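# An overview of the molecular structure
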Amino acid sequence: EAPAFQELSRARSMLAISKVPAALSIIEEYEEAEEPLIVFSSMRGPIDSLIERDGWEVITGGIASSARGPIVDKFQKGGLKGLGLTIGAGGVGITLTTGAYALFVDLDWNPANNSQAEDRIHRIGQSRPQLIKRIIANHALDQKICSILTKKQRIIEASVGASAIGKGE
C-alpha cells in the first residue's frame, strides 16, 4: 500500500509543477495591478518556483520559525509583491490581511487545512472583500481530487450544521 501512496504523491507533485506556468500568468496579472497575492500549494515545487522572483518571499517547512515572523511583517507592511506558502507551513497562525487575494496551485488532502489557509486573509483587520482562486488542471487526477475534496467539505459542513441544530442553535 505504501508504494501506491508514494506513486500518488509523486503524481500529485508532478501535476502541481505542471501548473506553475498558469500560476505565473495569474501572478503577473496581480503584480501588474500592484495587488499583493498569496500563493498556496500543498506541494513544495510551485512554492520553490517563487524563491527567486523579485519582490516575493516564501514560507515552507524549510524556513525556520524565527524567520517566518519577519517575512510576514514585510508582507503586512506592503514590502512584498507576494508571498508563497506551503499549506502545511503557512496555513495556520499567520495573519495576511494586506492581501485580499489568494491563489491555490493545488490543495491539501484535508479540507480543513485548505480552509485554515484561506482564513489567513479572512482575519480581523481585513477591510476588503477577499477572492480565492484555485487552479484545477484538465487532468483526471486533479479532477478526482477536486471531487473528493468537495464531497469531504460537504460532509464536514453537514456534520457541523447537524451538531449546531442538535444544540438548539
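Note that the coordinates shown come from a computational prediction; the quantities given were computed from them, not determined experimentally.

## Description of the environment of isoleucine 26
- Secondary-structure assignment places isoleucine 26 in helix H2 (residues 20-32).
- In this structure the C-alpha to C-alpha distance between isoleucine 26 and leucine 103, which are 77 residues apart in sequence, comes to 8.4 Å.
- If sequence neighbours within four positions are ignored, isoleucine 26 has contacts with Leu103, Lys133 and Ile135.

## Details of the pattern of salt bridges
- Inspection of every chain in the model, using the stated rule, returns eight salt bridges.
- The salt bridge involving aspartate 48 is made with arginine 44; its shortest N-O contact spans 3.2 Å. Taken together, the positions of aspartate 48 and arginine 44, both in helix H3 (residues 44-48) and four residues apart, correspond to about one turn of that helix.
- Given the relative accessible area of 30%, aspartate 48 is considered partly exposed.
- Where arginine 134 meets glutamate 118, a salt bridge forms, and the shortest distance between an N and an O atom there is 2.4 Å. Here glutamate 118 lies in helix H6 (residues 111-118) and arginine 134 lies in strand S5 (residues 131-134), a separation of 16 residues in the sequence.
- Look at arginine 134 and you get partly exposed, because its relative accessible area is 43%.

## A few points about the sheet that holds strand S2 (residues 56-59)
- Strand order in the open sheet formed by five strands is S2-S3-S1-S4-S5, and the pairing between neighbours is parallel. Where the open sheet ends on each side, the last strands, each with one partner, are S2 and S5. Shown here is a sheet whose adjacent strand axes are inclined to one another by a mean of 20°, direction ignored.
- Where S2 lies against strand S3 (residues 82-86), four bridges are found, and the strand directions are parallel. Bridge pairing links tryptophan 56 to glycine 82 in S3.

Conventions and cut-offs
- Residues numbered from 1 in each chain as written.
- Predicted model: local features only at pLDDT ≥ 70, side-chain atom pairs only at ≥ 80, totals over all residues.
- Heavy atoms only, no water.
- Helix = DSSP H or I, 4+ residues; strand = E, 2+ residues; numbered from the N terminus.
- Contact = heavy atoms within 4.5 Å.
- Salt bridge = Lys/Arg side-chain N within 4 Å of Asp/Glu carboxyl O.
- Buried < 20%, exposed > 50% of the residue type's maximum accessible area, 1.4 Å probe, protein only.
- Pairing = 2+ DSSP bridges.
- Axes fitted to C-alpha atoms, helices over the stretch in contact; angles between N-to-C directions.

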